[in-house]
Amino acid sequence: MTFSSALDQKEMRQTYADTVHELAKKDDRVIALEADLSSAMSTSRLESELPGQYVNVGIMEANMMGLAAGLSVVGRKPFIHSFGQFVTRRAFDQLFVSLGYAQLNAVIVGSDAGVTAEHNGGTHMTFEDIGLMREVPNAHVYEASDAHQFKYLLKKAYKDGGVHYIRTIRKKAVNLYDENESFEKAKVLRNGKDVTIVSSGIMVAESLKAADLLSQQGIDATVIDMFSIKPLDIETLIEAAKATGAVVTAENHNVNGGLGSAVAEALAEHYPVPLYRVGVRERFGQVGQTDYLKKVYGLDAHTIVREVERVIERK
Amino acid sequence: MLATQTDLQFFANQIRYYTLKELKAIGFGHYGGSLSIVEVLAVLYGKHIHVEPDDAKNPDRDYFVLSKGHGGPALYATLFLKKFFSEETLYTLNQNGTTLPSHPDRNLTPGVEMTTGSLGQGISAATGIAFGNKLDGRTNYTYAIVGDGELNEGQCWEAFQFAAHHQLENLIVFIDDNKKQLDGLTIDIMNPFDFVEKMKAFGFAAELVDGANLEEIDAAVERAKKRTGKPTAIVLDTIKGQGVPYLEKKADNHHIRPTEVDMSAINSTLEELEKVLEGGQNQ
């Protein structure tokens, strides 16, 4: 697959609002919950479009988790949105006990993934949401890399039931997939023989850029969009590790607890190969534009290239 | 449904008796906060909550959430008496592999609507249940009991704001004001001030009743059910360890592992209750 940076898809927030709208029209049990961030997520219009299927609970994320649990008890299908740090870090015990432990249903969407929180800065920047959510037994944890994928994952989470966490950016993502693509397994976007780059979210595009740069050096990289961090598609991962003998992960998240951890754990248990992880290490967030912050935290194609060069030396 | 106050009194005695027997079987537990909610449970399950074991998933049933989850033993005694499970099961409280854990679990215990125990969370769920039922046009009620100590948790006040804003008249909240939390008196640890005034300020209809008086509790529930446009808070003036004179006087009575002296006093209450219950059954 050739990387295309064409921004011809809808914004991710628009995709969220449209998909919830579509599901709610078909199923009157669907209900969208917002905690005073409707206008940030393009869901304000749902209040008039979906009477009885949308509620702005105010700035109370802990209570929002409990409300969703209660709504699930009476048969509703809650979709919960706020910025990632509020729906995970802030309300974690509520999410863990009232939804997870109680075995209820909720699709939880955390927006402004990692550095894309931009000018909201360190208080609003989450590099640990995936790590937290991986610890919730039976929860599914996804990071969307593209609008078509995001829509698919929202529908899949709705259909599958249980607790799902979908991490996303709010603005436009790069265009990676066709409208009718299915996302039941990790997506192998490029097949190579020298190294495997595993990434999710905004780092998939960086991984494809890195693969282009590496090919100029004669290094042939496999690139996998591991949009489902839990459950992890171990089969696809091992197959690629066997074929290439070295792995680099790339994530807009802390390397501890996130995709890098998940991949390292799976490889260590099933097929150990040299591995390096690109991501945030022992740092909090800060203000800045996404491109600037990607450089600050080393979340870019050049860092991936450097780590690939290092990992190949260990083969 | 139990029609008379005599019936409700008998039911309350049964709940207290089986709560004590259940706790005695494991040898330790949350005595104080279980005993202070016996009367309200008797009124609710004896008269107001329409739910039957053989129709427990009826969407029009009334819902009950014990937000102060450590009162679980009293709820289990009540659910046993409502025939949700056997007496044999009742005595497995907190035993390995039991279906009756210290704090209620909706996936383990028949009749338990919501998993609670992490304080502050049950009232949010109860509010969600009431909200969902109201949205769907149902006329059933959701009842919840929160502890006075539990109200230290900010989440409770988030839930109250939501309930009042959405005018959930189908939500009736009891505050078990037994004046104590785990480490001591609420007034020393975190002054609750005036619960009735606080709840009114949060948009509830609120009143204080004697939490040991079945008639008063019942009358307050009847008033709540006639109310429209706002949720109701019924503040129960209770005693931690209520109905067991020895435990009422015991300072540290949240979680007790009874000594021989404690057990002898608890056994005296059990014997008295047994006589009263036998007398009641013979009538």
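Residues numbered from 1 in each chain as written. Chains lettered and ligands numbered in written order. Predicted model: local features only at pLDDT ≥ 70, side-chain atom pairs only at ≥ 80, totals over all residues. Heavy atoms only, no water.

Draft legend 1. Seen up close, the sheet that holds strand 6 (residues 205-210) of chain B. Residues and elements named next belong to chain B. In spatial order, the strands read 1-2-3-7-6; together these 5 strands make up an open sheet with parallel pairing. Two strands lie at the open edges of the sheet, namely strand 1 (63-66) and strand 6, each paired on one side alone. Averaged over all adjacent pairs, the angle separating strand axes in this sheet is 20°, with direction ignored. One ladder, built from 6 bridges, connects strand 6 with strand 7 (residues 232-237); its direction is parallel. For Ala 206, the partnering residue across the bridge sits in strand 7 and is Ala 233. (Pairing = 2+ DSSP bridges. Helix = DSSP H or I, 4+ residues; strand = E, 2+ residues; numbered from the N terminus. Axes fitted to C-alpha atoms, helices over the stretch in contact; angles between N-to-C directions.)

Draft legend 2. Structural detail: the environment of B:Phe204. Residues and elements named next belong to chain B. Following the sequence through the fold, Phe 204 ends up in the loop between helix 9 (195-201) and strand 6. Judged by relative accessible area, Phe 204 falls into the buried class, the value being 2%. On a C-alpha basis, the gap between Phe 204 and Ile 234 in space is 9.7 Å, while along the polypeptide they are 30 residues apart. In contact with Phe 204, not counting residues within four places along its chain, are Phe 160, Ala 163, Ala 164, Val 173, Met 199, Lys 230, Pro 231, Thr 232 and Ala 233. (Buried < 20%, exposed > 50% of the residue type's maximum accessible area, 1.4 Å probe, protein only. Contact = heavy atoms within 4.5 Å.)

Draft legend 3. Highlighting the side chain of A:His253. Residue and element names in this part refer to chain A. In this structure, His 253 sits in strand 11 (residues 247-254). Within polar-contact distance, the side chain of His 253 engages the backbone nitrogen of Ile 130 at 3.1 Å. With residues up to four places along the chain from it excluded, the contact list for His 253 reads Phe 127, Glu 128, Asp 129, Ile 130, Gly 131, Arg 167, Gly 258, Gly 279 and Val 280. (Polar contact = N/O pair within 3.5 Å; in protein donor to acceptor, adjacent residues only side chain to side chain.)

Draft legend 4. Main features of the UniProt feature "domain: Transketolase N-terminal" (unreviewed entry) in chain B. On the UniProt side, "domain: Transketolase N-terminal" (unreviewed entry) is annotated at positions that read residues 11-255 of chain B here. A distance of 24 Å separates the end C-alpha atoms of residues 11-255 of chain B, which is 42% helix and 13% strand. (UniProt positions renumbered as here; feature names shortened; annotations may be inferred.)

Draft legend 5. Broad picture of the environment of A:Ser200. Residues and elements named next belong to chain A. You can see Ser 200 is positioned in the loop between strand 8 (195-199) and helix 9 (203-216). Sequence separation between Ser 200 and Leu 46 is 154 residues, and the spatial gap between their C-alpha atoms is 29 Å. Those residues in contact with Ser 200 that lie beyond four places of it in its chain are Glu 143, Asp 225, Met 226, Ile 229, Ala 250 and Leu 259.

Draft legend 6. Region of the structure containing the sheet that holds strand 8 of chain A. Residue and element names in this part refer to chain A. Taken in spatial order, the 5 strands line up as 7-9-8-11-12 in an open sheet, and their pairing is mixed. The open sheet has two edge strands, strand 7 (187-190) and strand 12 (275-280), and neither has a second partner. Pairs of neighbouring strands in the sheet enclose a mean axial angle of 25°, with direction left out of account. The pairing of strand 8 with strand 11 spans 4 bridges and is parallel.

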